[in-house]
Amino acid sequence: MRFLLRLATVVGLCAGAWVVHATEPDAPACGPGDTAPAPAASQPEPASHAPSPSSTAVSAGAPSASAPAPVASSRGTASTGASSRPSIRTATPAAEPGRKAQDRARRGLPAYPKVVESVGEGGAVATGHPLATRAALRVMRDGGSAVDAAIAAALTLGVVEPYHAGLGGGGFAVVFDAMSASAQSVDFRERAPLATSTSPSVGLRTRRGCSAVAIPGTVAGLWALHQAGGVLPWADLFPEAVAAADQGVVLGGLAAARVRERAPALREDPDAAAIYLPGGHPLRQGDLLLQTDLAETMRVLARDGPQAFYAGPIGQRIVEGCQDRGGLMSLEDFELYRARVGPAQAAQFGDRVFYTVGPPSIGGLQVLQLFRMAQHLPLSAPYGRPQNMHLLAEAMRISFSERTQWASDGERAIVPVELFVDDNPASLAVARIRPARRIPLQHLRPDAEGPVDGGTTHISVVDALGNAVALTMTINFRFGAAVVGRGTGILLNDTMDDFSAPPGESNIYYLSDGPLNYPAPGAPPLSSMSPIIVARGGLPELVLGGVGGPMIPTSVAQVLVNRFLYGMPLRPAVGVPRIHHQLLPDRVAYEGRHLEEDARGYLEQRGHSLHSVRNIGTIYAVEVAPDGTRTAVADVRSHGAAGVTGRVLPPVAP
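Residues numbered from 1 in each chain as written. Predicted model: local features only at pLDDT ≥ 70, side-chain atom pairs only at ≥ 80, totals over all residues. Heavy atoms only, no water.

What about the pattern of salt bridges?
Line of reasoning, step 1. Inspection of the entire model under this criterion finds 25 salt bridges.
Line of reasoning, step 2. E394 serves as the salt-bridge partner of R397, at 3.0 Å between the closest nitrogen and oxygen. Note that R397 and E394 are positioned in helix α14 (residues 386-406) at a spacing of three residues, about one turn of the helix. With respect to burial, R397 and E394 carry one shared label: buried.
Line of reasoning, step 3. Where D635 meets R578, a salt bridge forms, and the shortest distance between an N and an O atom there is 3.0 Å. You can see D635 sitting in the loop between β20 (630-634) and β21 (641-644) and its partner R578 sitting in the loop between α19 (570-575) and β16 (579-580), a full 57 residues away along the chain. The burial state of D635 is the same as that of R578; both residues are buried.
Line of reasoning, step 4. In the salt-bridge network here, residues are joined through shared partners; they are D351, R352, R536 and E541. (Salt bridge = Lys/Arg side-chain N within 4 Å of Asp/Glu carboxyl O. Helix = DSSP H or I, 4+ residues; strand = E, 2+ residues; numbered from the N terminus. Buried < 20%, exposed > 50% of the residue type's maximum accessible area, 1.4 Å probe, protein only.)

The following block contains the structure:
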């Protein structure tokens with residue numbers, strides 16, 4: 001009981017006073033930041049850049065700068081896009097007046113006031129930064145679709161949170177179309193250069209520098225999204241991002257801490273140092289982050305489309321800038337890159353359908369598996385009982401064990417999707433779990449010898465017509481490879497570190513995914529990104545995704561358990577403390593002080609080692625009630641923001 005009382009206090013402090021449209025300008029997030037803590041598979045054959053049979057490759061290099069062909073759907077009026085090559089229209093910058101934001105930051109407050117929850121009508125969005133949320137809301141108020149709003153938010157996030165994501169990275173999206181009640185996935189995961197060795201023992205520097213960079217997919221992915229469901233012209237989605245890059249973004253405490261943390265790596269690259277360490281010193285809280293080269297790059301992309309990136313001057317500068325610094329990228333790699341569009345991975349849970357992405361993302365499949373297992377576990381309300389923690393931790397261990405054995409990019413080896421999605425495997429897995437003792441590690445990883453957050457962001461959007469997008473993107477670790485493409489302002493990923501490390505080693509997230517994920521020419525590495533759309537009765541009910549490397553699937557799964565199995569409202573379902581286990585290191589991670597002594601004793605008696613971390617994942621979610629009311633929630637662990645385009649409704653009792 002003491003644990004539950006303590007937990008209730010924590011939820012009250014972290015999730016606020018349940019204020020609807022709760023702006024918290026003077027309260028820092030509960031433990032801002034993203035902490036990543038552990039798991040690994042036969043010699044693959046080289047993969048080409050060719051699309052897999054189950055998906056459609058969308059060309060990034062369009063023959064002209066025209067936007068997609070007209071799209072007539074439930075999203076609204078068809079648009080011919082940017083076929084006349086319009087320049088970016090003049091718009092009031094999304095940024096709050098710089099002096100005010102700087103004053104707030106220097107007083108230790110968030111530079112841009114965050115909004116934890118917003119309930120109302122119309123379109124709704126939750127992102128990791130207030131300026132990105134404002135961009136998405138502006139787009140929807142201008143008549144744009146959920147796809148348009150997600151693209152505008154994604155472009156803006158790449159400017160205001162460059163340490164998490166941007167044009168130099170990749171990601172995944174799930175798009176729900178309200179008219180057809182169907183969902184598609186968009187895979188724009190980064191891919192290894194064609195010059196990549198197939199030997200896992202080749203000693204590349206995969207955590208910083210040009211040898212860590214995989215071919216970026218974000219530009220191709222956003223273009224593919226626009227082709228699939230954009231309504232506004234392509235160029236109309238750039239104003240906030242360009243303004244933020246040109247006029248500057250005020251750094252808050254979290255962003256300044258990220259710069260300090262990666263300063264040694266950023267200092268090695270002259271272009272990165274010029275942006276983030278002007279005069280040789282890291283930017284500080286309250287300083288203005290100016291990215292004029294990035295602003296010009298975005299103007300070119302807005303005018304010319306993605307061919308400027310993959311078959312034009314932008315990609316050429318990136319390649320040439322890395323050729324003398326150990327980079328493996330070539331112009332051919334850029335020209336061959338394609339985003340992949342295909343049916344979303346679906347799983348039925350009663351009268352609900354969960355949509356997510358499949359390989360090379362394994363995170364979404366793990367979410368489906370964990371939720372399926374949770375339905376078979378003897379979990380019992382209230383939330384936070386130590387018994388529930390033990391059972392969920394064991395389910396997580398089993399999931400990461402099976403990820404190690406079976407997960408691949410889906411191109412070099414077939415992934416047994418049914419193992420993660422179907423009910424019978426979940427039931428058999430749960431039968432292995434014992435209430436009184438954890439499963440010995442050797443039963444899950446016979447080869448285990450013991451222990452041997454990152455740069456990601458997420459956007460959840462639902463528009464007024466019921467179209468929805470769950471979009472997760474990354475540059476892998478914070479600031480990626482700490483390399484900026486020469487003259488482009490684009491911070492490049494270090495996604496080569498997401499391939500399996502040589503035997504006995506692990507990547508930056510302590511993952512050792514095994515030989516099915518060894519590097520290969522043109523191959524995408526595995527990912528933990530887990531965008532999810534839950535539909536009920538042919539309409540979106542919940543859109544969510546998260547941040548935090550391997551903590552993403554376990555965090556998303558716990559929010560789904562909280563919401564649908566425990567019946568918690570969305571805000572506490574997102575905000576309450578979480579646990580995480582990824583098999584290796586073989587320990588239960590928990591958030592800060594949010595585990596009472598009796599709960600610790602209960603878990604330790606069952607053989608668990610415990611490890612305190614600052615945060616476990618960060619979630620952004622939008623829920624649609626049966627009456628159409630939207631609830632958008634930005635995790636209290638972040639400095640993000642939630643918003644709605646229409647009338648904001650009064651508070652509702654929790």
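Text resumes after the structure shown.
So, the pairing of strand β18 (residues 610-613)
Line of reasoning, step 1. In the sheet, strand β17 (residues 588-591) pairs with β18 via four bridges, with the strands oriented parallel. Pairing of Y590 across the sheet is with S612, part of β18.
Line of reasoning, step 2. Handedness of the β17-helix α20 (residues 597-605)-β18 crossover: right-handed. (Pairing = 2+ DSSP bridges. Right-handed = clockwise from strand over helix to strand, strands pointing away.)

A closer look at the pairing of strand β6 (residues 182-188)
Line of reasoning, step 1. In terms of residue burial, β6 counts as a mostly covered element, since five of its seven residues are buried.
Line of reasoning, step 2. Strand direction decides the pairing type here: strand β5 (residues 170-177) and β6, joined by seven bridges, are antiparallel. Within β6, the residue paired with F172 across the bridge is D187.
Line of reasoning, step 3. From the end of β5 to the start of β6, which pair antiparallel, there are four residues, and A181 there has a positive phi angle of about 55 degrees.
Line of reasoning, step 4. Where β6 lies against strand β9 (residues 338-343), four bridges are found, and the strand directions are antiparallel.

Here we look at the packing of aromatic side chains
Line of reasoning, step 1. All chains considered together, the criterion is met by 15 aromatic pairs.
Line of reasoning, step 2. Residues Y310 and F334 carry aromatic rings whose centres are separated by 6.2 Å and whose planes lie at 45 degrees to one another, so their mutual orientation is tilted. One end of the pair, Y310, is in helix α10 (residues 307-310); the other, F334, is in helix α12 (residues 331-336), and 24 residues separate them in sequence.
Line of reasoning, step 3. The buried category is assigned to F334, whose relative accessible area is 1%.
Line of reasoning, step 4. Taken together, a centroid distance of 6.4 Å and an interplanar angle of 75 degrees make the contact between Y383 and Y566 edge-to-face. Y566 matches Y383 in its accessibility class, with the two residues each being buried.
Line of reasoning, step 5. Members of the aromatic cluster, each reached through a chain of ring pairs, are F309, Y310, F334 and Y337.
Line of reasoning, step 6. Directly above the ring of F349 sits R372, whose terminal nitrogen or CZ lies 4.0 Å from the centroid.
Line of reasoning, step 7. Over the aromatic face of Y602 sits the side chain of R606, whose NZ or CZ is 3.5 Å from the ring centroid. (Phe/Tyr/Trp six-rings, centres within 6.5 Å; stacked < 30°, edge-to-face > 60°. Lys NZ or Arg CZ within 6 Å of the ring centre and 35° of its normal.)

A closer look at the nonpolar core
Line of reasoning, step 1. Counting 78 residues, the largest nonpolar core has L155, L225, F309, I459 and L471 as its most contacted members.
Line of reasoning, step 2. Element by element, the count of residues in this core is highest for helix α4 (residues 146-160), at 12 residues.
Line of reasoning, step 3. Apart from residues no more than four positions distant in its own chain, I459 is found in contact with V125, A126, T127, A150, A153, A154, L157, V469, A470 and L471.
Line of reasoning, step 4. With 64 residues, the next largest nonpolar core counts L365, A393, V574 and L603 among its residues. (Core = buried A, V, L, I, M, F, W, Y, C linked by side-chain atoms within 4.5 Å. Contact = heavy atoms within 4.5 Å.)

Observations regarding the state of the cysteines
Line of reasoning, step 1. Under the counting rule described, the total for this entry stands at one disulfide.
Line of reasoning, step 2. Residue pairing for C210: its cysteine sulfur links by disulfide to C322, the two sulfurs lying 2.1 Å apart. An S-S torsion of about -70 degrees defines the bridge between C210 and C322 as left-handed. Residue C210 is found in the loop between β6 and α5 (218-229), and its partner C322 is found in helix α11 (residues 313-323); the two are separated by 112 residues along the sequence. The same class applies to C210 as to C322, namely buried. (Disulfide = S-S within 2.5 Å.)

Digging into the packing of helix α13 (residues 363-376) against α14
For any two helices packed against each other, one specifies the inter-axial angle together with the distance between the axes.
Line of reasoning, step 1. At their nearest, the axes of α13 and α14 sit 10 Å apart, and the two run at 145 degrees to each other. Relative to α14, the crossing made by α13 is right-handed. In this structure, α13 uses Q366, Q369, L370 and M373 to contact α14, whose residues at the interface are A395, M396, I398, S399, F400, E402 and R403.
Line of reasoning, step 2. Class assignment for the residues of the contact of α13 with α14 results in six nonpolar, three polar and two charged. (Axes fitted to C-alpha atoms, helices over the stretch in contact; angles between N-to-C directions. Left-handed = near helix turned anticlockwise from the far one by under 90°. Nonpolar A, V, L, I, M, F, W, Y, C, P; charged D, E, K, R; others polar.)

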